[in-house]
Protein chains: 2
Amino acid sequence: MSAENPDLAIAQAATLLPITEIAETAGIPAEALVPYGSYKAKVDVRQMQGLADAPSAKLVLVSAMSPTPAGEGKSTTTVGLADAFTLKKMSTMVALREPALGPIMGIKGGATGGGYAQVVPMEDINLHFTGDFHAIQIANNTLAALIDNHIHQGNQLGIDPRRIQWKRVVDVNDRALRSIVVGLGGPTQGVPREDGFDIVVASEIMAILCLATDLADLQARIDRVVVGFTYERAPVSVADLGVGGAITMLLKDALLPNLVQTLGGTPALVHGGPFANIAHGCNSLAATRLALALSDITVTEAGFGSDLGAEKFLDIKSRLGGLSPDAAVVVATVRALKMHGGVAKADLADEDIEAARAGTVNLARHVENLRKFGLEPVIALNRFPTDTEAELEAILDWAREQGFRAALSEVWAKGGQGGLAVADEVLAAMDTVEGDGFHHLYDPADGIEASLRTLAREIYGADDVVLEGRAPAQLRMLQRNGWDTLPVCVAKTQYSFSDDPSLLGAPTGHVLHVRDLVPKIGAGFVVALTGAIMTMPGLPKEPAALRMGVTESGESVGLF
Amino acid sequence: MSAENPDLAIAQAATLLPITEIAETAGIPAEALVPYGSYKAKVDVRQMQGLADAPSAKLVLVSAMSPTPAGEGKSTTTVGLADAFTLKKMSTMVALREPALGPIMGIKGGATGGGYAQVVPMEDINLHFTGDFHAIQIANNTLAALIDNHIHQGNQLGIDPRRIQWKRVVDVNDRALRSIVVGLGGPTQGVPREDGFDIVVASEIMAILCLATDLADLQARIDRVVVGFTYERAPVSVADLGVGGAITMLLKDALLPNLVQTLGGTPALVHGGPFANIAHGCNSLAATRLALALSDITVTEAGFGSDLGAEKFLDIKSRLGGLSPDAAVVVATVRALKMHGGVAKADLADEDIEAARAGTVNLARHVENLRKFGLEPVIALNRFPTDTEAELEAILDWAREQGFRAALSEVWAKGGQGGLAVADEVLAAMDTVEGDGFHHLYDPADGIEASLRTLAREIYGADDVVLEGRAPAQLRMLQRNGWDTLPVCVAKTQYSFSDDPSLLGAPTGHVLHVRDLVPKIGAGFVVALTGAIMTMPGLPKEPAALRMGVTESGESVGLF
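Residues numbered from 1 in each chain as written. Chains lettered and ligands numbered in written order. Predicted model: local features only at pLDDT ≥ 70, side-chain atom pairs only at ≥ 80, totals over all residues. Heavy atoms only, no water.

A few points about the relation of the copies chain B and chain A
Here chain B sits on chain A after a turn of 180° about the axis and a move of 0.0 Å along it, with an RMSD of 0.0 Å. The superposition of one copy onto the other is thereby described by a two-fold rotation axis. It is Tyr 36 of chain B whose C-alpha, among those of chain B, lies nearest the rotation axis, at 2.2 Å. (Least-squares fit on C-alpha atoms with pLDDT ≥ 70 in both.)

Details of the packing of aromatic side chains
Taken as a whole and assessed by the stated rule, the structure comprises six aromatic pairs over all chains. Relative to Tyr 36 of chain B, the ring of Tyr 36 of chain A has its centre 5.5 Å away and its plane inclined at 55°; by these criteria the two rings are tilted. Residue Tyr 36 of chain A is located in the loop between β1 (33–35) and β2 (41–43), and its partner Tyr 36 of chain B is located in the loop between β1 (33–35) and β2 (41–43); the two belong to separate chains. Take Tyr 36 of chain A: its relative accessible area is 9%, and that puts it in the buried class. Relative to Phe 197 of chain B, the ring of Phe 197 of chain A has its centre 5.4 Å away and its plane inclined at 5°; by these criteria the two rings are stacked. Here Phe 197 of chain A, found in strand β11 (residues 197–199), pairs with Phe 197 of chain B, found in strand β11 (residues 197–199), and the two come from separate chains. Take Phe 197 of chain A: its relative accessible area is 1%, and that puts it in the buried class. The side chain of Arg 365 of chain B reaches across the aromatic face of Phe 497 of chain B, ending 4.8 Å from its centre. The ring of Tyr 460 of chain B has Lys 492 of chain B sitting right over it, with the charged end atom 5.1 Å from the ring centre. (Phe/Tyr/Trp six-rings, centres within 6.5 Å; stacked < 30°, edge-to-face > 60°. Helix = DSSP H or I, 4+ residues; strand = E, 2+ residues; numbered from the N terminus. Buried < 20%, exposed > 50% of the residue type's maximum accessible area, 1.4 Å probe, protein only. Lys NZ or Arg CZ within 6 Å of the ring centre and 35° of its normal.)

Remarks on the state of the cysteines
Residues and elements named next belong to chain A. In total, this model carries zero disulfides over all chains according to the counting rule given. There is no disulfide at Cys 282, and the cysteine sulfur nearest it, in Cys 210, is 8.0 Å away. A relative accessible area of 0% places Cys 282 in the buried class. No disulfide involves Cys 489; its nearest neighbouring cysteine sulfur is the one of Cys 282, lying 8.8 Å away. With relative accessibility at 1%, the residue Cys 489 sits in the buried group. (Disulfide = S-S within 2.5 Å.)

Considerations on the UniProt feature "binding site: ATP" (unreviewed entry) in chain A
Residues and elements named next belong to chain A. With numbering matched to this structure, UniProt assigns "binding site: ATP" (unreviewed entry) to Thr 68, Pro 69, Ala 70, Gly 71, Glu 72, Gly 73, Lys 74 and Ser 75. Not counting residues within four places of it along the chain, the set of residues in contact with Thr 68 comprises Ala 336, Met 339, His 340 and Tyr 495. A distance of 3.0 Å separates a polar atom in the side chain of Thr 68 from a polar atom in the side chain of Glu 72. Along the polypeptide, Gly 73 turns up in the loop between β3 (58–64) and α3 (74–87). Residues in contact with Gly 73, not counting those within four places in the same chain, are Val 331 and Asn 382. (UniProt positions renumbered as here; feature names shortened; annotations may be inferred. Contact = heavy atoms within 4.5 Å. Polar contact = N/O pair within 3.5 Å; in protein donor to acceptor, adjacent residues only side chain to side chain.)

Here's the deal with the interface of chain B and chain A
On the side of chain A, 71 residues touch chain B, which itself brings 71 residues to the contact. Carbon and sulfur atoms supply 65% of the area buried between chain B and chain A, which totals about 5800 Å² over both sides. Scanning the region where chain B abuts chain A turns up 31 residue pairs in polar contact (both at pLDDT 80 or more). Top contributing element to the side of chain B that touches chain A by residue count: helix α6 (residues 132–152) of chain B, with eleven residues. (Buried area = accessible area lost by both parts, 1.4 Å probe.)

Quick notes on the pairing of strand β20 (residues 464–467) of chain B
All names here are of chain B. Only one face of β20 is buried: it carries Val 465 and Leu 467, and the other face, with Asp 464 and Val 466, is open. As paired elements, β20 and strand β22 (residues 511–520) share four bridges and run parallel to each other. Residue pairing for β22: Val 466 is matched across the bridge by His 513. (Pairing = 2+ DSSP bridges.)

Focus: the environment of Val 120 of chain B
Residues and elements named next belong to chain B. With respect to the helices and strands, Val 120 occurs in strand β6 (residues 117–120). On the basis of relative accessible area, Val 120 is assigned to the buried category, the value being 0%. Here the alpha-carbon distance between Val 120 and Leu 263, two residues 143 residues apart in the chain, equals 6.7 Å. Filtering out sequence-adjacent residues up to four positions away, Val 120 remains in contact with Ala 11, Leu 16, Tyr 39, Ile 125, Val 260, Gln 261, Thr 262 and Leu 263.

Some thoughts on the sheet that holds β22 of chain B
All names here are of chain B. Taken in spatial order, the four strands make up an open sheet running β20-β22-β23-β21, and their pairing is mixed. In this open sheet, the two edge strands, each paired with only one partner strand, are β20 and β21 (488–491). Between one strand axis and the next, the sheet turns by 40° as a mean value, whatever way the strands run. Of the pairings in the sheet, the one linking β21 to strand β23 (residues 525–530) comprises four bridges and is parallel in character. The residue bridging Val 488 from the neighbouring strand is Val 526, located in β23. Where helix α20 (residues 471–481) meets the sheet, its contacts fall on β20, β22 and β23, and the angle it forms with β22 comes to roughly 40°. (Axes fitted to C-alpha atoms, helices over the stretch in contact; angles between N-to-C directions.)

Observations regarding the nonpolar core
Among the nonpolar cores identified, the biggest contains 156 residues, and Leu 251 of chain A together with Leu 251 of chain B are the most heavily contacted of them. Beyond its immediate chain neighbours, meaning those up to four positions away, Leu 251 of chain A contacts Ala 135, Ile 136, Ala 139, Ile 205, Leu 209, Leu 218 and Ile 222 of chain A. (Core = buried A, V, L, I, M, F, W, Y, C linked by side-chain atoms within 4.5 Å.)

Quick notes on α20 of chain B
Residues and elements named next belong to chain B. Those residues of α20 that sit buried are Ala 471, Gln 474, Leu 475, Met 477 and Leu 478. Seen along its axis, α20 keeps its buried residues to an arc of 160°; they face one direction. Among the exposed residues of α20, those oriented more than 90 degrees off its buried face are Arg 476 and Arg 480. Turning to α20, the residues buried within the fold contact β12 (226–230), α19 (448–458), β20, β22 and β23. (Arc of directions from axis to C-beta.)

Observations regarding the confidence of the model for chain A
Per-residue pLDDT for chain A averages 94, and the proportion of residues at 70 or more is 98%. Among the prediction metrics, the complex's ipTM stands at 0.95, with pTM recorded as 0.96. (pLDDT = per-residue confidence, 0-100.)

Considerations on the pattern of salt bridges
Residues and elements named next belong to chain A. In total, this model carries 58 salt bridges over all chains according to the counting rule given. When the shortest N-O distance is used, the salt bridge between Arg 221 and Asp 217 registers 3.1 Å. Taken as a pair, Arg 221 and Asp 217 lie in helix α8 (residues 215–224) at a separation of four residues, close to a single helical turn. Residue class for Asp 217 comes out buried when judged on its relative accessible area of 16%. In this structure, Arg 400 and Asp 397 form a salt bridge, with 2.8 Å as the shortest nitrogen-oxygen distance. Taken together, the residues span about one helical turn, with Arg 400 and Asp 397 both in helix α15 (residues 389–402) at a distance of three residues. Judged by its relative accessible area of 57%, Arg 400 is exposed. (Salt bridge = Lys/Arg side-chain N within 4 Å of Asp/Glu carboxyl O.)

What follows is the structure in structure tokens.
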């Protein structure tokens, strides 16, 4: 095992079960299995009868405290918790998001858990996997080309080139493509206009794929997508362009959930949607529903903290998909607590109980946020090698003092065995649900502004919401078109409850700055861009790509 | 069978053999087979011993006369000819190019043969297949982002943003991306510069993938790629950027040949490289070599006519890969002959023996061109339903008068059975090789200008070559760097031997206009852009995408 790269080494050293065996364990019939090599497959749910009538499993949602550069291990905890349920002989499935390649080349290096709590084959999952993101990319960009071609070929629909909201995408962190001018070079090269690329996960196609119930719903959603506006400011949809069929055709395989396995042998559906800061950031509804139909307990995750992925899981995905989570987990680490308590990254290895305790303000708000949805979350304190016993004790003591459920998670080092304490606490929490149980936080019918204000006050701890820049005019546009009663998907920095990434802990008294309100009619929500959040990341000065390579026998190097 | 869409209907109605059986037929061991669903697989050649020492099959190269909008059926003939050899109980493989998605959405609708001479599963092959083009796209664009990031982060290498020659790519016909400005929006959004997108097949990564002998050669070629020049005009390579390993890692699966089958049950390797007008346009060397090692007779194709794909197959791929074709086929149709003889597309259904005879000047030059490489080609006259017996007779008579080998091909309607006459003629031609046999046409050591002049005079029928625009300065740059003795890959319209697409038949007395000379050091050749050829196509007024869709059970509509 290479010291610098233990995750990849553990994954490469693991003996995997054939995907056909994993499918059998999960109860997926052979005729529904479309293998991609020996260890991954797509599940053709159309070949499976009776799924809709299957009793639904218990659903556990894993969230986390506000992330720090120190890393929290949310995917790791999700996988380890599922493996703990498997160890307890419960019929378990885990439903995860697919990693995006862009950030892997930048900072992250991979997103399939870590240590002895990983989904495998990790190299494949982190690289091209079964091609879903590539399919989304080309579907998105084919639509973009068809829009510009329509304008170039006479513009029968009268699309205003200054009011096209459909952007192109790549799965690369490429800041140079954020703001561009296309169509230069004269009359045969299209119509010049301002444009820009987003990262693939920010594409409305990704949201649609993650929310579609079947192929017909996928096509209906794609047809509803509003790509821009005419010179008379009337919306132009994909249906108006007549190309919804072609775009759906490009996505028909991508819609099928992907089956892999955890290191503990739990069947894992890894399908769709990371980036809960700029997108809704949940894995696909199709995969979650399949897992719920096939297992007794399904563990899933949503990106970042309760203010981002979890809120969107509970207010958007659960609402549109009729899901009702039974339990929630909030992943925390001593390191992240210390950073929220004011310690610099370089000093994290030094014991500092006081700072860790100070950082609990962040964790507490995440717990309280989830309680506002009628859930009683369990804190999973994810152990890192540098943590001292005294630090871990102090945090568990603090949780008890507060009346929060909490347990130590040691899944990175011990796999499912290290997740048993959290698993027991989750099962206990489910047995003692009080009150009315799960409910959504806001009612979209009250209007976008009201929804934003509720989120800002209840979840972000803000005093108010300000619409600035283009947002006020966009709000009027939403109202004119009857779109202001859709759920809102807030794009916001993951590092703070506020829209300012430097405000750690649990800030109050701040204002949420909304600068853009973009209708995603196919997805069924409005994206509110806040603060300085961008829908196309950049690469750092020393990108992870510099460390990557492949051996002559075809094994990856530098993925972790 | 749908009348408008017989190819798709035939393909969807066919009963395919499991890919494991096809692999067994081909002699590919189970441990080297990586299935992608039940009917397609990648072949992990690293798991196969002794390939290098296997006796080489006979190699048949299929080319065609200059294409017209009437369609010639080169892939159809290639597949049908292979199925004819299979019917004759010869151990046969066919090695084809992968279709590009961009033109499928535009005009073509598909590129897997037609009628009863197709490779299947045609829907999968025409859409995402095993993801090779997607992998090339993201490898190409990751490199592009790393270049712009390098400049943004301090530009340690001193790359001149005005002299970057690495372009981004998409597999979409998107004219609006031909000429763009990136990096707008201020200091945090990168460095503004002129840029542009090519279609994926024009990427140097595609050429490299199609010419690499193994993973180590792939990495070496990628490291050699020159992405641009410094302010001092020194070349900057991928090795200088230190990211060759990451780019190679993204391509490690794409390098493996894809196995499918023909409707006649012949094992087919479909891997890499269409677009012989703007790229070198051959399937991968890895796939061709695998086919040669496993079969007694391998049938392969190169894109468009003898002036494009065949010339590049013979002068570039064969030279770099040490291949020596044993026979060649030139596909012709009465319809194409009539168009080269002056008939408009709308009038092609009317019998016109005189026009067909007049169009033979085009066909004759293709035959003579291939003879210049020491090959004795067979004309395959590909029958269309509208052809009259008298027209077909007239062309076969003409061929006999000229001393050209020729046979009628009826593979579209009859599959392999309809290709037996051509197969017999090909076998007879191989038995009667005279002279020294196959040789290349020019010696790169004579310099790019000499190579271009030889091609222009010997193959295109031109009087001379003119370097214009940037080309003269680029020639000096090539000479300065010692790159002017590389083979030349001419990008030229496919519709004419000249660089003017309106000059049909067999034009003489024209001049080849070379406007750009782009060094592709990783691929190992220099691309010469001629006439008005573009490396990014556009969509037509009524794109094929308008007719496409998918049924609720997941079957494609409108692919043909």
